[in-house]
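# Secondary and tertiary structure notes
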Amino acid sequence: MKIINETILIIDYGSQYTQLIARKIREQNVYCEVYPYNKISSSILNNKDLSGIILSGGPNSVKDKKSPKLNKKILELKIPILGICYGLQLLCKEFGGNIGQSSSREYGHSLITRKNKSKLLDGVKKKSQVWMSHGDHIEKAPKDFTITSFSNNRVISSIEDKRSKIYGLQFHPEVYHSLDGLKILSNFLLKICKITKKFKLDDFLNNKINELKNNLKNKKVICGLSGGVDSTVTSFLLHKAIKHNLYCIFVDHGLLRFNESNEVVSIFKKKFGKNFIRIDASKIFLSNLKNIKDPEEKRKIIGKTFIKVFEKEAKKIKKVEYLAQGTLYPDIIESIPFFGGPTAKIKSHHNVGGLPKKINLKIVEPLKELFKDEVRLLGKKLNISPDLLSRHPFPGPGLSIRIPGEIDRKKINILQRVDNLFITYLKENNIYKKIWQAFAILLPIKSVGVMGDERTYNYCVVIRAVTSVDGMTADFYMFSKKNITEISKKIISNVKEVNRVLYDFTSKPPGTIEWE
Ligand code: XMP
């Protein structure tokens, strides 16, 4: 079954911006896939729908013997190729140009000046602001290539060979600071690759439903449902395709937000009836977490307990063959080890992703081609309520990682009430949707205060609100003095166990979004 028509292949050479290239292309409703340079199989290259290739930037120097090489098979395809930064340098070297090594990197804003006619730069201003991040540069362009722009310090910033449809940019068009970047990518996609059939979510939805119907036939599928966007959309989509053969298991670990468990039950029971199974596992989770202080230990215990509880319930449903997961495209890109190993582990993420090996089921991941914003749009098409779709992300380990140190029911209950007051305030004041994620943290310390004429000695809470595109980096949200005063007042006057409210104004990096 064919779901997608014209496709752009992005070959990743390790740039921190590769995912951004993919997002910018998808934003123009063109389908694309990312693969690391050392995982390009012939089936990827033989895809008849391949309309163009983009070579990403990367941290290496083409002058190093051990640096990643150009896959020459891509040249045989005779389809348009665009090299960005390292990608450009690979192409330049391949066609006989010279690459120079500089002692210092050119990093940040730069101004390019256009030269000669260029289809790629069509509509770009004569002088245009771009974002540079490179050490090496082109000293001499290959013979058949035209130089189409220079940067302020006379570095060749773009070249092309119209006849062989090969284009290269020294700067990063995918980065927001390249003001004509989207125009350049659009020229490549529409004018050079001549993409005509755009990627439409309606087509994706219909084709995906048919594909699931055909592949799953009348087999039983279980799905771990948390009420978050990804698992909700996964379950609605599967339900549309296989109806009563879908079983959704909701594990309540007792670390959810205020009233969240009841809300999830009422929404999904209505939708899935007896095929929605809620497990109240709070006792076992809290007992396993008793006296545990270390953040990583907490995460691991929760992950393991989750698997056990889920496995036990799944076994009660007879003859299940598939496990559905709400994996998204960024999860796929990030899970491919690059340059021989994954990047430094900051936190052990606990997702249902840990289940398959243990549980011996085939995996179905209906959203694995999509980005988060596309999943939200798909959810809208599946008539999922906007309230569910616009919910802030919530981590698998729940409130346990928002209570530094030991956890107990009393602390969880305090935090749930504080968090609920904060989030309700944001919703009532139309701030909620401007924020990627907002929540409260309960600190394991008490401080002295005064209320009325009385001394108090109560807990401190922190409120955290960040803006972000994908959670990988984040900025703290700047509340007005009025808002922050009202939030603080609301919390202290309604939650008697708390007498101090702090605001976390740390961005990511250096902080992470969650506290543990
Ligand atoms: P950090 O704290 O790493 O969080 O900056 C980035 C985003 O990921 C969420 N998060 C998790 N999500 N399982 C999840 O499903 C987890 O274990 C987990 N830990 C963090 C976090 O809420 C933020 O949106």
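Notes on the structure in this doc start here. (Residues numbered from 1 in each chain as written. Predicted model: local features only at pLDDT ≥ 70, side-chain atom pairs only at ≥ 80, totals over all residues. Heavy atoms only, no water.)

## Digging into the sheet that holds strand β3 (residues 50-55)
Formally: Paired strands, in this sense, are two strands between which DSSP finds at least two bridges. Every helix listed is a DSSP run of H or I at least four residues long, and every strand listed is a run of E at least two residues long, numbered separately from the N terminus. Axis angles are defined between N-to-C directions and span 0 to 180 degrees, where every axis is a line fitted to C-alpha atoms and, for a helix, only to the segment in contact.
Spatially, the nine strands line up as an open sheet ordered β2-β1-β3-β4-β11-β10-β9-β6-β7, and their pairing is mixed. Every other strand in the sheet has two partners, leaving β2 (31-36) and β7 (127-134) as the edge strands with one partner each. Mean inter-strand twist for the sheet, computed between neighbouring axes without regard to direction, equals 25°. Bridging between strand β4 (residues 81-84) and strand β11 (residues 166-169) involves four bridges; their strand directions are parallel.

## Some points on the sheet that holds strand β14 (residues 276-280)
With parallel pairing, the five strands of this open sheet are ordered in space as β14-β13-β12-β15-β16. Pairing within the sheet leaves two strands with one partner each, and these edge strands are β14 and β16 (362-364). Averaged over all adjacent pairs, the angle separating strand axes in this sheet is 30°, with direction ignored. Note that strand β12 (residues 220-224) and strand β13 (residues 246-252) share four bridges and pair parallel. Considered in β13, the bridge of C223 is made with C248.

## Observations concerning the environment of G58
Where we set the bar: In this description, contact between two residues means that some pair of their heavy atoms is separated by no more than 4.5 Å.
By the secondary structure assignment, G58 is in the loop between β3 and α3 (73-76). Distance from G58 to Y17, taken between C-alpha atoms, is 8.9 Å for residues 41 residues apart in sequence. The contact partners of G58, leaving out residues within four places of it in the chain, are Y13, G14, S15 and Y86.

## Description of the pattern of salt bridges
Opposite charge on two side chains permits them to pair, given that their charged atoms come into close proximity. As a reminder of what qualifies: Within this document, salt bridges are pairs made up of a side-chain nitrogen of Lys or Arg and a carboxyl oxygen of Asp or Glu, the two lying within 4 Å of each other. With a 1.4 Å probe rolled over the protein chains alone, any residue whose accessible area is under 20% of its type maximum counts as buried; one over 50% counts as exposed, and the rest are partly exposed.
Going through the model one piece at a time under the given rule, you end up with 24 salt bridges. A salt bridge links R26 to E374, with the nearest nitrogen and oxygen atoms 2.8 Å apart. Of this pair, R26 sits in helix α1 (residues 18-27) while E374 sits in helix α13 (residues 372-381), and the two are 348 residues apart along the sequence. This pair shows no difference in class: R26 is buried, exactly as E374 is. R417 is the partner of E497 in a salt bridge, and the nearest nitrogen-oxygen pair spans 2.9 Å. One end of the pair, E497, is in the loop between α16 (481-494) and β20 (498-503); the other, R417, is in helix α15 (residues 409-428), and 80 residues separate them in sequence. For E497, a relative accessible area of 15% translates into the label buried. A residue is classified by how much of its surface remains accessible, and R417, at 24% relative accessible area, is partly exposed.

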